[in-house]
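Chain and residue survey
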Amino acid sequence: MIKNGKFFLPPPKDGSDFKELFKQLAAAGAGRPLGSDGFPTGPWTPELLAEAISQIDSNRIGVDLRTVQLWFQENDKGISTANIRWLARIFGCDDPAATREWQIELSAAQSRLTAKRRDSKKAMPPPVTVDDQTHPAGDLPQGIDATRRRQGFSLARTSEALFSHGSPLNLPASIFAGASALGFLSYIVGIHSATYSRADGVVKQVGFLWAPNWTFLFMVLLPLFFAFVIELLVFWKHDARFRLVAPGDRLEIDDGWTRNVQAYSYTYWAVFLICVLFAGLLQWIGVCLIPLLEGGDDYATSWGTLAIVQPDVISVPVSIVFTALAYLYMCLCFYLFFAGLILLHTIVHDLWRIEEASTMRPVEHRREGGEIGLRVMRGVFRCTVLGVLIAICMKVQSSYLSSNGGDIVTWIADDMSSVLYESHGGGISFSYRMPTHYSSLLVAISTCIVFLYGSIRLGVGKRFRVPLWRMSAVVGLLFASYLLIDAFEGFSILVGVGVLLATYGLFDPEFGRWRASELGSNQSVS
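None of these values were measured; they are calculated from a predicted model. (Residues numbered from 1 in each chain as written. Predicted model: local features only at pLDDT ≥ 70, side-chain atom pairs only at ≥ 80, totals over all residues. Heavy atoms only, no water.)

1. Points about the overall build of the chain
When helices and strands are tallied, the chain shows 19 helices and four strands. Taken across its 526 residues, the chain has 49% of its residues classed as buried. The contacts in the chain between residues at least 6 apart in sequence include a share of 74% that link residues at least 24 apart. Summed over all atoms, the accessible surface of the chain reaches about 24400 Å², with 63% contributed by carbon and sulfur. (Helix = DSSP H or I, 4+ residues; strand = E, 2+ residues; numbered from the N terminus. Buried < 20%, exposed > 50% of the residue type's maximum accessible area, 1.4 Å probe, protein only. Contact = heavy atoms within 4.5 Å. Areas by Shrake-Rupley, 256 points an atom, 1.4 Å probe, with all protein chains shown as cover.)

Okay, structure coming up:
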């Protein structure tokens, strides 16, 4: 039969399930346009059917090619209610009456497929899980429930859960609470504010509360970093991904994201071992434990080794216990910091893959993907700025300990004034080992690499170029100011300019929200 210039087959109503019915119709080419000779142009292929469904005027989102491929495969994957509507339009050749008949037939066929699956599992019923309750049986991807039951502990999934589960305030508040506890403990043991006289006569302030890499970093910068990562992660998992994928994939969207996270499992373990074993345990042994037990002046004296030069302020045993707690807290926090960077990379990569696979989607869908991409880059920029500021805190404190400054505030003020007044009192008079210089460089480079990756993957569109160039300029200036810390007199002015621009960028990442009209959207800053 012919309807609207297409090959039409009426519903067979022979009791076939969805797989059987779909296989027959796809092979016959039901709903395909007729050729010039009046015969069907051939059977359906996944690519042709996905394109035909996506071209339906009222279907603004389209359908994912992977979903259509699952219909063609020999599996238990059914079809969602939303996609039954579009498939009925195809088989009904856009005829209203025929479409209604096919919608009824496809719904009944899907119900029969669901019943078959239920009957086949009665012999050995699987344990009920949360996923079984939230996913209809006919739409569960094959083997997902069984695979989840076999999965044991996963560092990748556990780390992601710390960011995405529960209240968005949980992780930032925990980091802040840990830093506050260390601050109170330093006050109890008497090293919150402590000075010592160096061999050259300079009296230096080395109190715990005077160290920005242990106070401002963990109480302000790191909680803000986690807050922005959590905001972007929740937006991507529970909003953006749902808007970008086809309706047929929404039932398995969480499983798709979980697979993406699990793919980075080795990366999480590598970062965990480096942070805990090297940055935590071995650094504590080398920088604190051995000097406290044996003495030594390879490293600049800080609150952690104050017991060597001021045993009347804090004893060696107390100092060992306090530094052990501090370094344990520090290495776990920095593992979570790098886990946040991995999640940012995962989001960018996931968005890029979805956009690459959506070439057949309507123009409105691609425009929405562009707007989501810009919002993702705003979140990545904010996190990058905070990551470089964290590195600056670490390097500034490390440079101060080996300088001639009496305290860090005076040292920075003297460096700024050295531009106006010739002063050479801020130079380094002692040469120490400074492992924090290396660790801060790792933090800065890792953070900037994530931003660079996002810029390459998502920033190719013309609409992105102006805001992306502004973001890149600020990141470049901030990274340059980090590299030039203590490299010349007056470096703090460059650092101050970079910090001011970066702070403004946290509130307005595009540096001019009035240009949002150029993007064709009314969205506000995320």
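2. A few points about the packing of aromatic side chains
Under the definition given, this model contains 28 aromatic pairs. Between Trp-269 and Phe-272, the ring centres sit 5.9 Å apart and the planes meet at 85°, which makes this aromatic pair edge-to-face. Placement of the pair is Trp-269 and Phe-272 together in helix α12 (residues 265-294), with a separation of three residues, close to one helical turn. The exposure class of Trp-269 is partly exposed, given its relative accessible area of 36%. On the basis of an interplanar angle of 50° and a centroid distance of 5.6 Å, the ring pair of Trp-411 and Phe-491 is categorised as tilted. Residue Trp-411 is found in helix α16 (residues 408-417), and its partner Phe-491 is found in helix α19 (residues 491-507); the two are separated by 80 residues along the sequence. Pair check on accessibility: Trp-411 and Phe-491 agree, each one buried. Residue placement shows Arg-32 over the ring face of Trp-44; its charged tip is 5.5 Å from the ring centre. Over the ring of Phe-235 we find Arg-375; its NZ or CZ atom is 3.9 Å from the centre of that ring. (Phe/Tyr/Trp six-rings, centres within 6.5 Å; stacked < 30°, edge-to-face > 60°. Lys NZ or Arg CZ within 6 Å of the ring centre and 35° of its normal.)

3. A look at the pattern of salt bridges
Taken as a whole, this structure holds nine salt bridges when the rule is applied. For the salt bridge of Lys-237 with Glu-160, the shortest nitrogen-to-oxygen distance reads 3.1 Å. Taken together, the residues span a long stretch of sequence, with Lys-237 in helix α10 (residues 216-244) and Glu-160 in helix α8 (residues 155-164) at a distance of 77 residues. We classify Lys-237 as buried; its relative accessible area is 10%. (Salt bridge = Lys/Arg side-chain N within 4 Å of Asp/Glu carboxyl O.)

4. Points about the side chain of Thr-323
Inspection of the secondary structure puts Thr-323 in helix α14 (residues 316-356). You can call Thr-323 buried: its relative accessible area is 1%. Looking at Thr-323, its side chain comes within polar contact range of the main-chain oxygen of Ser-319, at 2.8 Å. Setting aside chain neighbours within four positions, we find Thr-323 in contact with Trp-284, Cys-288, Leu-292, Trp-303 and Gly-304. (Polar contact = N/O pair within 3.5 Å; in protein donor to acceptor, adjacent residues only side chain to side chain.)

5. So, helix α4 (residues 81-91)
The complete set of buried residues in α4 reads Asn-83, Ile-84, Trp-86, Leu-87, Ala-88, Ile-90 and Phe-91. Two residues or fewer past α4, Cys-93 is found with a positive phi of approximately 55°.

6. What to know about the layout of surface pockets
Rolled over the atoms, a probe sized like a water molecule indicates the empty space that remains. Computed from the structure, the largest pocket encloses a volume of approximately 1200 Å³. Forming the walls of the largest pocket are 44 residues, and the residues nearest its centre are Ala-279, Gln-283, Met-394, Pro-435 and Ser-439. Within the residue set of the lining of the largest pocket, elements represented by two or more residues are α12, α14, α15 (363-401) and α17 (435-458). Its residues assigned to classes, the lining of the largest pocket comprises 31 nonpolar, twelve polar and one charged. Computed from the structure, the second largest pocket encloses a volume of approximately 460 Å³. As for the second largest pocket, its lining consists of 21 residues, of which Ile-392, Cys-393, Ile-412, Val-495 and Val-499 are closest to the centre. (1 Å grid on protein atoms, 1.4 Å probe; cavity = no way out; pocket = protein on both sides within 12 Å on 5 of 7 lines; lining within 4 Å. Points joined across faces, edges and corners; volume = space filled by probe spheres on them. Nonpolar A, V, L, I, M, F, W, Y, C, P; charged D, E, K, R; others polar.)

7. What to know about unusual backbone geometry
A positive phi angle, close to 50°, is found at Lys-13, a residue other than glycine. Within the fold, Lys-13 resides in the loop between β2 (6-7) and α1 (18-28). Phi is positive for Asp-486, close to 65°, though the residue is something other than glycine. Looking at the element boundaries, Asp-486 is found in the loop between α18 (462-483) and α19.

8. Some thoughts on the side chain of Arg-198
By the secondary structure assignment, Arg-198 is in the loop between β3 (195-197) and β4 (203-205). A distance of 2.9 Å separates polar atoms of two side chains, one belonging to Arg-198 and the other to Asp-200. In this structure the side chain of Arg-198 is engaged in a polar contact, spanning 2.7 Å, whose partner is the side chain of Asn-404.

9. Remarks on the packing of helix α9 (residues 170-189) against α10
Here α9 crosses α10 at 170°, and the two axes come no closer than 8 Å. Judged by the angle between their axes, α9 and α10 are roughly antiparallel. Taken as a pair, α9 and α10 cross one another with a handedness that is right-handed. Contact residues: Leu-171, Pro-172, Ile-175, Phe-176, Ala-179 and Ser-180 in α9; Phe-218, Met-219, Leu-222, Pro-223, Phe-226, Ala-227 and Ile-230 in α10. Here the contact of α9 with α10 is built from residues that sort into twelve nonpolar, one polar and no charged. (Axes fitted to C-alpha atoms, helices over the stretch in contact; angles between N-to-C directions. Parallel < 35°, antiparallel > 145°, perpendicular 65-115°, else oblique. Left-handed = near helix turned anticlockwise from the far one by under 90°.)

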